[in-house]
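# Analysis of the macromolecular model
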Protein chains: 8
Amino acid sequence: MNAERIAALLSDVAAGRVSVSEAMEHLAQLPFVAGAEVIADTHRHLRTGEAEAVFCAGKTPAQAATAFAALAEGGEGPILATRAEAAHRSAIAQTVPGVVLHEVARMAVLPGTRREDSHVCVVCAGTSDLPVAEEAAVTAEALGMTVTRLRDVGVAGLHRLLAHLPLLRRVDCVVAVAGMEGALPSVLAGLVTCPVIAVPTSIGYGAAFGGLAPLLAMLNSCAPGVAVVNIDNGFGAAVVSGRLARRLQFRLAER
Amino acid sequence: MNAERIAALLSDVAAGRVSVSEAMEHLAQLPFVAGAEVIADTHRHLRTGEAEAVFCAGKTPAQAATAFAALAEGGEGPILATRAEAAHRSAIAQTVPGVVLHEVARMAVLPGTRREDSHVCVVCAGTSDLPVAEEAAVTAEALGMTVTRLRDVGVAGLHRLLAHLPLLRRVDCVVAVAGMEGALPSVLAGLVTCPVIAVPTSIGYGAAFGGLAPLLAMLNSCAPGVAVVNIDNGFGAAVVSGRLARRLQFRLAER
Amino acid sequence: MNAERIAALLSDVAAGRVSVSEAMEHLAQLPFVAGAEVIADTHRHLRTGEAEAVFCAGKTPAQAATAFAALAEGGEGPILATRAEAAHRSAIAQTVPGVVLHEVARMAVLPGTRREDSHVCVVCAGTSDLPVAEEAAVTAEALGMTVTRLRDVGVAGLHRLLAHLPLLRRVDCVVAVAGMEGALPSVLAGLVTCPVIAVPTSIGYGAAFGGLAPLLAMLNSCAPGVAVVNIDNGFGAAVVSGRLARRLQFRLAER
Amino acid sequence: MNAERIAALLSDVAAGRVSVSEAMEHLAQLPFVAGAEVIADTHRHLRTGEAEAVFCAGKTPAQAATAFAALAEGGEGPILATRAEAAHRSAIAQTVPGVVLHEVARMAVLPGTRREDSHVCVVCAGTSDLPVAEEAAVTAEALGMTVTRLRDVGVAGLHRLLAHLPLLRRVDCVVAVAGMEGALPSVLAGLVTCPVIAVPTSIGYGAAFGGLAPLLAMLNSCAPGVAVVNIDNGFGAAVVSGRLARRLQFRLAER
Amino acid sequence: MNAERIAALLSDVAAGRVSVSEAMEHLAQLPFVAGAEVIADTHRHLRTGEAEAVFCAGKTPAQAATAFAALAEGGEGPILATRAEAAHRSAIAQTVPGVVLHEVARMAVLPGTRREDSHVCVVCAGTSDLPVAEEAAVTAEALGMTVTRLRDVGVAGLHRLLAHLPLLRRVDCVVAVAGMEGALPSVLAGLVTCPVIAVPTSIGYGAAFGGLAPLLAMLNSCAPGVAVVNIDNGFGAAVVSGRLARRLQFRLAER
Amino acid sequence: MNAERIAALLSDVAAGRVSVSEAMEHLAQLPFVAGAEVIADTHRHLRTGEAEAVFCAGKTPAQAATAFAALAEGGEGPILATRAEAAHRSAIAQTVPGVVLHEVARMAVLPGTRREDSHVCVVCAGTSDLPVAEEAAVTAEALGMTVTRLRDVGVAGLHRLLAHLPLLRRVDCVVAVAGMEGALPSVLAGLVTCPVIAVPTSIGYGAAFGGLAPLLAMLNSCAPGVAVVNIDNGFGAAVVSGRLARRLQFRLAER
Amino acid sequence: MNAERIAALLSDVAAGRVSVSEAMEHLAQLPFVAGAEVIADTHRHLRTGEAEAVFCAGKTPAQAATAFAALAEGGEGPILATRAEAAHRSAIAQTVPGVVLHEVARMAVLPGTRREDSHVCVVCAGTSDLPVAEEAAVTAEALGMTVTRLRDVGVAGLHRLLAHLPLLRRVDCVVAVAGMEGALPSVLAGLVTCPVIAVPTSIGYGAAFGGLAPLLAMLNSCAPGVAVVNIDNGFGAAVVSGRLARRLQFRLAER
Amino acid sequence: MNAERIAALLSDVAAGRVSVSEAMEHLAQLPFVAGAEVIADTHRHLRTGEAEAVFCAGKTPAQAATAFAALAEGGEGPILATRAEAAHRSAIAQTVPGVVLHEVARMAVLPGTRREDSHVCVVCAGTSDLPVAEEAAVTAEALGMTVTRLRDVGVAGLHRLLAHLPLLRRVDCVVAVAGMEGALPSVLAGLVTCPVIAVPTSIGYGAAFGGLAPLLAMLNSCAPGVAVVNIDNGFGAAVVSGRLARRLQFRLAER
């Protein structure tokens, strides 16, 4: 219930077209009214292209496909399924037409139409980090951004990283994916001027403690400009970069 | 040493104006050359206004003032001192003219000149979180952004948060500062469309474990769009938002 | 051996119907007598309807069914089996007649007869939390309470929660089930006046650390009125709410 | 802005005493209106006697006194200050008349008028736990409940606990405060039928890890019926028991 | 109320000297009766010499002295005060005559009279562990045991340990006190045949994490025969060895 | 090479039956000689009945059987296999004659001949703790002790524990096995006078953190007289009680 | 591209054999040139024999074989595959001729030709630690070192360790592999004069917490001279000892 | 008692100069004989120059000075005091002549005479790490090595690190000191060929958790060749590098 509708209601009351008690009835769901803006916000979300995602881990393929289909009906995309094993992916593809499957990223994507004038670079060190990096890259592409992937640029071989410096200094956002000692975001944040969204991965063993080691390292980055998402959360990092892109778009459009 | 200078050098060699051994001499500092862009980057940093900061904790007032003065000589500001107790602040103010002191934020700031066309909102729940929130706000202002502060908008009283929704939906970045259960960024990320940079604080006791509780909560936000910095790191959150602002500026300037 | 039986025994001694040594013989199990009230308490438990439960995890279906049958013989219900996989459930159902099976809650229930004049609301955020929420709801129903279930009311979409405010402010107890950042109980405790029993779940990944994140968040709730049970312990939360209901019943009956 | 005031406003509109635009003006703060119920709730809180509390740790005596005075002006009490050292307590007492000081509980209380027909028993094991137990007891008394204190009833000397069994089985709620191994709530929950609110304390050393040991023990109670609050949070436990009392009151009043 | 008193009571009832209701009155405190043996046990404790101890940490000197005096009045010793700083010690010595002070062990002891035919060896590695080792040694002496102290026998210089092998193989119990890597108990348990009671200390820094490192090491001893007490709990280790001694005494006395 | 053999060798040298160089040859393995007492100790171990044990977890059945057979050849028993699954047990039984299998304890035992005049009571709370309790009980029996098992005596139903008090006060050692909140050893140590060896189990879920909760609880026992072994280490607890028994035997034999 | 090649290129430019633009083309990969020394370093690595390794965990056999083959093509060995299960090993052996398989070490090795005049001793306590110890030993052999393996020299039987003292004091480096309480490196560091590289293993259960216990113990070694690698990282320890060997070689060659 | 002395003893026995029982008497202290080599080893330690160190933390200045003096009497140096505050340092300097004080390193050193033909580079990132880095550098110098210090070479400014590459590739050992995210050793290990001894520092705040973050990062280094010592343990890292130097010396001397 927005301002115009309230004004109309008040006019009706003033004009005697609506009684006080009827008006009260309309306002009875005040909490809903209160939340109106918020509800609208959800719809706007879908319109602006923030990914609705089905987290498939712990769901049966059928459950995942059902959830995906429900989202696909309501909105215009992109719709994403993350942590989707082969069985989830094929179940979703069989249920919803137009879905694109990504094996390494373990994702199924129903593409949207929005495109952002924004460029994000997804960087990872080892091939073991690829599933998480791909989850970030595929999500970012689904959100409409231009994505460049850099692989095998771990800090143990700095020259490989330095070789890409010109590119890295040109993009709007860097998503840095790393397991083990998680040093990549610190090194990157000292080399670029855009925000670095760091994704620790659970790759490693022993004292990596399931990703705790790179998580702590990234939170303690000596180079400012780094912000961190949950372990293995490539999707989350891409959404942060997508919000950044959308804000950019909005501001550019204002001009 | 950039491409043009190398081409010129090679031409000189080809023309016999420079001997092979002289050319080798120039290239002798190849590692430096390799790092040249990086070094330049540091200077550009200063030019673009990313805060150089003196972390005062564990330093004597004299040490802090000396470090601050050194940075102030080299650059044009802003220069920041963080975690500066009263003694640090007065030592710095006595050493460097033009410094502005901030008691709650525990900071000393030598202002810079750059202004960003960017608006960041620093939100915190309790008055105990104010020092961290102020560190973020003062840093963001020093970086040239417009800052709005919202206080006392904890999740235990949602209506106070909802009252500021229109503002929150208008800014370019939200910095959400919270201790205890750290729920504020999750709630905010469901209400706004810009990135939410979350700062857990060490406020609390018992099972807060020095900020571990809100840190984990923020990393596990059910609402995507949240990225997290270190516990009590208001400065770091502001720098991330500043990189975002600078990127925005750069892209707007391209137009 | 209760007070009446002791009085009778003493009368028999006084009347010479029982010798002192015979009486001593009866009292030989003094530790049992000492514990008499406690033992009686156990029986009263069964009478008052506190659920006896078989925790099936780590038991074979046969073991679970045997344990369930033993409890079912001794008492009049409700008897509950929790963490019961399909095999456990069918083994129990084949062994004890009248058992009702609950797939999502992973439970088998032999209903009791007691009804409480008490209303509990079981709230959860995500569908992944449903098994824990259902364990709470089914247990609360077995204990005789009226149960309302609210799903999908996570803090990332506050309007969905606010829509149920009138209901939430009417019930005697709220059981709030949440994984990830576990913010739900804090938000709820600021909106209702009854106790909020919080159940962290192990839903999540990475820095959720098997439920540690929401557990810490709930213990640090900025809104007072929250008390917490073990991770995934829907059964335990329902029993706390059941004790509350029984106390209410007892006090209402006193009038 | 509550229902009556909205109805009055609508009547004024209907009667032409208030123009539509003026009414809109009143409703301009719609977000506030949206939150009206919530805001009202806060006021009701004060009326129903839930303690507003000033957490003094980390505040200067002057800050604590100012905060306390602000709350005291707005409401009718009880107003509580917790974690109040001697200096906090005397500053508060000098600022607000009628305040009662509690040394062991480290509290200052401006009493309210409401009385609950509810009886809570605060149990603790060692004298070291007394400050936390007293915080619970004083808070519960401030909330209007009848409070019985049991001390020195640790599980290392069970007979002392068993001696109080009749009392323990009669009260509406037990608040069990314990450090070290934190076994008291488990033992109690097997002996009583009302809810047991457990408060782990930071008393202990070494592997107590600042209260982690009793916290984990209480969360893993083998006896159902236990719910846990934060380490050393006597205030929080009392508020939970107070919500229970208020609910009881409300239901008794319905009769 | 023991068996004889119950028999006498029953005889009185049988003889008509006591009415049934009077007998019931006597038995009214059944929980006390139930706990009778336990209460007696406490007294027997004092008789058998298990130390009653005042833990001084967190107590004022006056509080410690009062508690100590109360114990000293009721029993015949030994009475111990542990973690007693200089102020605690002198307050206790001024309050209770006959108290012996131990500076390194941070203890005050009112000696008892019982002597055990038992020999315990308290072993520690570094001088930093001495306060904990002395707490164990002084407690064991207070409990009546013969105590031999071995210092500077860390595993980094095995020959020093091997030099004492004949002694170590002769005693009834070894108390092994160690911080840092806590390897001493494992090495000892492979060399002796009596139980090894291990005491981790908080000596160390960094990854010692306040005694966590030696605690975990001792719990994981590759040599069976080791049991562990809390970090820095020299008192507790001595009490365990004292129980062993008393059991030995009891069995030897049976012969 | 023991004292007698060295004396004989020296006599042979003195008598000219062995040359100095031959004697040197015999002593060539001086490090072994140096360790002679230790080596002898190992043999004495076998003679005195301390169990040699094969830890089967992580071994194939064949590997376990081979290791078991090797130990069985060298010594006279008891030889124990712990954590032996069905396949391990049958492989061992087929390889070594005379082995006794224990399903619940997951053990295979080649009995020894030594008997101790010592009585140990193995107490556990829940049926889930039985495998660990049985590991302790079977090991203690293999070491020659008389073992009484008490089950279902958790602290949630104290009367069951109190009923066994006379027995518990008569034994030489109590092994207390408990998961969840691990309160059993604290309660027991307040009721008996012999040492209580506490075994935390990994039984539980959520905040039990694989046995961390009862481990910490047991280390923080408010009742002195408790010493703790590793999580699930029933074998280790029994060996400690066995060392105690052997010491008792040795001292009784001295008389 | 090394110094000689750059000089040659410059000569060609000077001589007119190569045009400036062609030279620029060669230098086009300036970032690589910038990193030239680093790249050369990689090649030198291969020449000097530092193992390139394929970490097979989480890779399919085909992926592992492909990665191994790629490394084998580029360099002259040694090439190592670690954490290689049977399937990985046979896939690699079928793909690359000349590979040697190691079952216990779970490795596949393509031998190199370099030999170091260096002797490393790999020591472990239990047979369960053998896979990690073998990974260290096989890697060290592949790196060209002479390796002696000592097994079953745990601290619970010191004489076995002392028997090898002459050998241990002769080698250039000791790699000490231990799980459980991890005391071996501390004991060794007190007996030898060379560096001790400690490898904690995940062998153990309960409070071993996946290798945390020995890791902390080793970091807190009371004997200086110990440095630690990640849990189960036998490969890493061997590479450290290999760097030591190579440095030794280099310095010996200088003479 | 060494081989010669044993041979002489045997000859005496053979010649009748010593009786068998007298010889047995001499051999009675066999454990001492066993430990003879080890004892000698200690002396050799002093001779070879491994630092004996007094850890001053937790000691009074007088205690530290006494311990230092005792070591200084027995050996010829170097003798080191670490963690020595100003008071410790002056107390030591007043007690032992010839001591050199180091303020930043918090050390007092009595120099030794031995010099190693070895070069170690101590690298640190921030000025806050200087005390730990200086502890390493001063210790290494005391052990006779040539030491180069590199400061301010954090990974946030890679060019500063790359500038020192030629030096770093020339030394025998790198000691890398870093707090915060601890990325420095990983980066270094990818650039040099000698061993990298990593020292995490407790510098940082929040999620640095007292040095846990860099500790875990360093243990998980993606570049092999890194071994780690305890948090803040500059002394320990230097001793490891010293053992390496001594081994080098020994091998060079063999030539």
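From a predicted model like this one, the values you see are computed outputs, not experimental measurements. All chains use their own residue numbering, which begins from 1 and follows the written sequence. Key to labels: chains lettered from A, ligands numbered from 1, both in the order written. Only residues with pLDDT of at least 70 get local features here, since the model is predicted, and only at 80 or more are side-chain atom pairs given and counted; chain-wide, interface and lining totals rely on the full set of residues. For side-chain calculations, the full set of non-hydrogen atoms in the structure is used, while hydrogens and water are omitted.

## Comments concerning the sheet that holds strand 2 (residues 79-82) of chain C
All names here are of chain C. Strands are labelled as partners when DSSP assigns at least two bridges between them. Runs of H or I in DSSP of at least four residues are treated as helices and runs of E of at least two as strands, each being numbered from the N terminus. If you trace the four strands from one edge of the open sheet to the other, you get 1-2-4-3, paired in mixed fashion. Two strands in the sheet have a free side with no partner beyond their single neighbour: strand 1 (52-55) and strand 3 (100-102). Neighbour-to-neighbour, the strand axes of the sheet open up by a mean angle of 15°, direction not taken into account. Relative to strand 4 (residues 107-110), strand 2 runs antiparallel, the two being bridged by three bridges. For alanine 81, the partnering residue across the bridge sits in strand 4 and is alanine 108. Residues count as neighbours in contact if any of their non-hydrogen atoms are within 4.5 Å of one another. Lines fitted to C-alpha atoms define the axes here, with helix axes fitted over just the stretch in contact, and angles between the N-to-C directions of these axes take values from 0 to 180 degrees. Running at roughly 5° to strand 4, helix 7 (residues 130-142) makes contact with strand 2, strand 3 and strand 4 of the sheet.

## Re the interface of chain A and chain B
Taken together, the contacts link 42 residues of chain A with 42 residues of chain B. Of the roughly 3,900 Å² buried at the junction of chain A and chain B (both faces included), carbon and sulfur atoms supply 54%. Contact with chain B buries surface across chain A, with Arg243, Arg247 and Arg251 of chain A losing the most and accounting together for 18% of the total. Counted as salt bridges are all cases of a side-chain nitrogen of Lys or Arg within 4 Å of a carboxyl oxygen of Asp or Glu. Remark: the boundary between chain A and chain B carries six salt bridges. Buried surface area refers to the total accessible area, computed with a probe of radius 1.4 Å, that the two partners give up upon joining, counted for both partners together.

## Quick look at the pattern of salt bridges
Here the structure, examined in full by the defined rule, presents 80 salt bridges over all chains. Among the salt bridges present, the one from glutamate 134 of chain D reaches arginine 149 of chain D, with a minimum N-O distance of 2.6 Å. One end of the pair, glutamate 134 of chain D, is in helix 7 (residues 130-142); the other, arginine 149 of chain D, is in strand 6 (residues 146-150), with 15 residues separating them in the sequence. Categorising residues by exposure relies on relative accessible area from a 1.4 Å probe, with only protein chains included: less than 20% of the type maximum marks a residue as buried, more than 50% marks it as exposed, and the intermediate range marks it as partly exposed. On the basis of relative accessible area, glutamate 134 of chain D is assigned to the buried category, the value being 11%. For arginine 149 of chain D, a relative accessible area of 30% translates into the label partly exposed. Between arginine 251 of chain F and aspartate 117 of chain E there is a salt bridge whose closest N-O contact spans 2.8 Å.

## A few points about the relation of the copies chain A and chain B
Our superposition of the copies is a least-squares fit, built on the C-alpha atoms of residues whose pLDDT is at least 70 in both. Between the two copies, chain A and chain B, the superposition gives an RMSD of 0.4 Å; the rotation angle is 179° and the shift along the axis is 0.0 Å. Here the symmetry operator amounts to a two-fold rotation axis. Every residue of chain A has its C-alpha some distance from the rotation axis, and the shortest such distance is that of valine 228 of chain A, at 2.5 Å. Mapped onto chain B, 100% of the interface residues of chain A are again interface residues, and the two copies thus contact each other with one and the same surface.

## Details of the side chain of threonine 139 of chain A
Residue and element names in this part refer to chain A. You can see threonine 139 is positioned in helix 6 (residues 130-142). Exposure remark for threonine 139: the relative accessible area of 0% places this residue in the buried category. A distance of 2.7 Å separates the side chain of threonine 139 from the backbone oxygen of glutamate 135, its partner in a polar contact. Definition of a polar contact: a pair of N or O atoms within 3.5 Å, with one able to donate and the other able to accept a hydrogen when the atoms are protein atoms, and with sequence-neighbouring residues admitted only if both atoms are side-chain atoms.

## Points about the domain arrangement of chain A
All names here are of chain A. An automatic or database domain assignment supplies the start and end points of every domain. Here chain A is described as being made up of domain 1 (31-110) and domain 2 (119-254). Contacts between the two partners involve 16 residues from domain 1 and, on the opposite side, 16 residues from domain 2. The contact between domain 1 and domain 2 buries some 1,200 Å² in all, and 64% of this surface belongs to carbon and sulfur atoms. Connecting domain 1 to domain 2 are two salt bridges. For glutamate 135, the salt bridge is made with arginine 106, and the minimal N-O distance between the two is 3.7 Å. Counting every contact that joins domain 1 to domain 2 gives one residue pair in polar contact (both at pLDDT 80 or more).

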